[in-house]
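Structural overview
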Amino acid sequence: MRIPAVVIGATGYVGGELLRLLHAHPNFVLAAAVSESRAGQRISNVFPHLAGAYDSTSFTAPREWSTQLDRGARLALFSAAPHGASASLVAAAIDDASARDLDLHIVDSSADFRYADAVAYRNVYGAEHGAPQLLTDFHCAVPEHAGAVSTAHVGHPGCFATAVLLAAVPLVHAGLPDGDLYVTGVTGSTGSGRSPQDGTHHPERHSNYYAYKPLLHRHVPEIETLIANACGTRTSINFVPHSGPFARGIHVTLQAKLTSSIAAGDIRKTYSRYYQSAEFVHVVEGTPRLKDVVASNYCHIGVATSNDSVVVMCVIDNLVKGAAGGAVQWMNRLWSLPESSGLSAAAPSWT
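Our subject in this report is the structure included herewith. (Residues numbered from 1 in each chain as written. Predicted model: local features only at pLDDT ≥ 70, side-chain atom pairs only at ≥ 80, totals over all residues. Heavy atoms only, no water.)

1. Things to note about unusual backbone geometry
Non-glycine residue Ala295 carries a positive phi angle of around 75 degrees. Mapped onto the elements, Ala295 comes out in the loop between strand 11 (281-283) and strand 12 (299-306). One non-glycine residue, Ser349, lies in positive phi territory at about 55 degrees. Within the secondary structure, Ser349 sits in the segment after helix 9 (320-334). (Helix = DSSP H or I, 4+ residues; strand = E, 2+ residues; numbered from the N terminus.)

Quick look at the structure:
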């Protein structure tokens with residue numbers, strides 16, 4: 001099966017990773033990389049590292065990509081546009097696809113389809129949703145925490161949310177925590193996007209380490225909602241994110257009190273059972289390390305205990321497992337392809 005793929009918002013870091021992953025995918029074939037600001041420019045001019053993959057391919061303007069597809073064709077549509085902008089772009093894409101009778105699945109990597117209703121979105125992001133009529137057409141979850149979904153489209157959780165959920169859900173699902181979860185997360189500078197900011201400027205970030213938005217990060221309501229969806233119980237998250245002096249990756253450390261003293265080996269078995277069918281999640285002995293997963297779609301989880309306290313450590317690549325790779329993983333499922341298609345390459349390490 002060869003399915004045309006379109007990437008909206010293709011000039012950002014997540015868009016660039018989607019282009020890289022699609023080039024190696026056995027079933028998805030890039031039909032259009034959509035960008036309003038770079039339309040007509042070659043992909044290789046914006047992403048020189050993709051020159052060998054897309055030597056002569058140029059970015060396409062919005063509303064022009066659909067004319068490049070045959071009527072009635074299949075379409076895998078990825079949106080890597082920023083939150084607040086993605087919803088209206090996705091709505092327009094759905095209209096264009098409908099006009100050409102395209103068989104369509106969408107995975108959105110922004111925050112615009114992570115909440116089930118517009119009120120919840122407004123409460124977190126302080127703005128009206130751009131396409132509230134579409135919210136019920138999207139399901140939001142980490143792929144490892146969802147069975148078959150009834151919607152045609154998916155909103156992928158954020159990168160921090162993905163790491164925290166992978167660490168937290170098996171613990172909560174087993175009913176082991178006694179009270180709140182306390183989480184510290186460290187992310188690389190690519191998590192702030194391609195546009196330069198004070199916090200991502202190299203002289204500020206290099207050899208530096210600092211917390212930001214402690215206990216106020218906007219992913220917390222998303223994480224709490226998705227834990228409740230996966231486990232059927234509400235859990236409070238106390239989250240302190242940090243900026244790390246590296247480009248890629250997320251390291252999350254979760255701490256909690258347990259209902260009773262449990263050996264680390266027994267908790268590792270709980271995680272191994274929960275993720276026994278999850279190809280991309282590995283429960284490791286000792287402490288997981290970023291370089292073992294960076295630039296891959298894999299997640300490594302480690303566990304430590306002392307009496308009735310537990311520490312769960314989780315590492316992922318923020319741009320792959322936390323965004324583009326997770327989106328491809330979901331798209332594989334939506335098209336009934338093997339979930340690992342195009343994603344099984346190991347981490348390069350020594351980066």
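Back to the text.
2. Focus on the sheet that holds strand 9 (residues 237-243)
Taken together, the seven strands give an open sheet; going across it, the order is 8-9-7-10-13-12-11, and neighbouring strands pair in mixed fashion. Both outer strands of the open sheet, strand 8 (210-211) and strand 11, are each paired with one neighbouring strand and no more. Of the strands in this sheet, strand 11, strand 12 and strand 13 (309-316) are in contact with helix 8 (residues 264-274), which crosses strand 12 at around 150 degrees. (Pairing = 2+ DSSP bridges. Contact = heavy atoms within 4.5 Å. Axes fitted to C-alpha atoms, helices over the stretch in contact; angles between N-to-C directions.)

3. Some details on the side chain of His242
Along the chain, His242 turns up in strand 9. The residues touching His242, leaving out its near neighbours within four places in the chain, are Phe160, Thr184, Gly185, Val186, Thr187, Tyr209, Tyr210, Ala211 and Tyr212.

4. Remarks on the sheet that holds strand 1 (residues 3-8)
For sheets, the rule is that strands pair by backbone hydrogen bonds, running either parallel or antiparallel. The parallel open sheet is built from six strands, whose spatial order is 2-1-3-4-6-5. Bordering the open sheet on either side are strand 2 (28-34) and strand 5 (138-140), each of which pairs with just one other strand. Direction aside, neighbouring strands of the sheet carry axes that sit 25 degrees apart on average. Relative to strand 6 (residues 153-155), strand 4 (residues 103-108) is paired through three bridges, and the arrangement is parallel. Directly across from Val107, in strand 6, lies its bridge partner Val154. Here helix 1 (residues 13-23) sits on the sheet in contact with strand 1, strand 2 and strand 3 (74-79), set at roughly 165 degrees to strand 1. Of the strands in this sheet, strand 1, strand 3, strand 4, strand 5 and strand 6 are in contact with helix 3 (residues 86-99), which crosses strand 4 at around 170 degrees.

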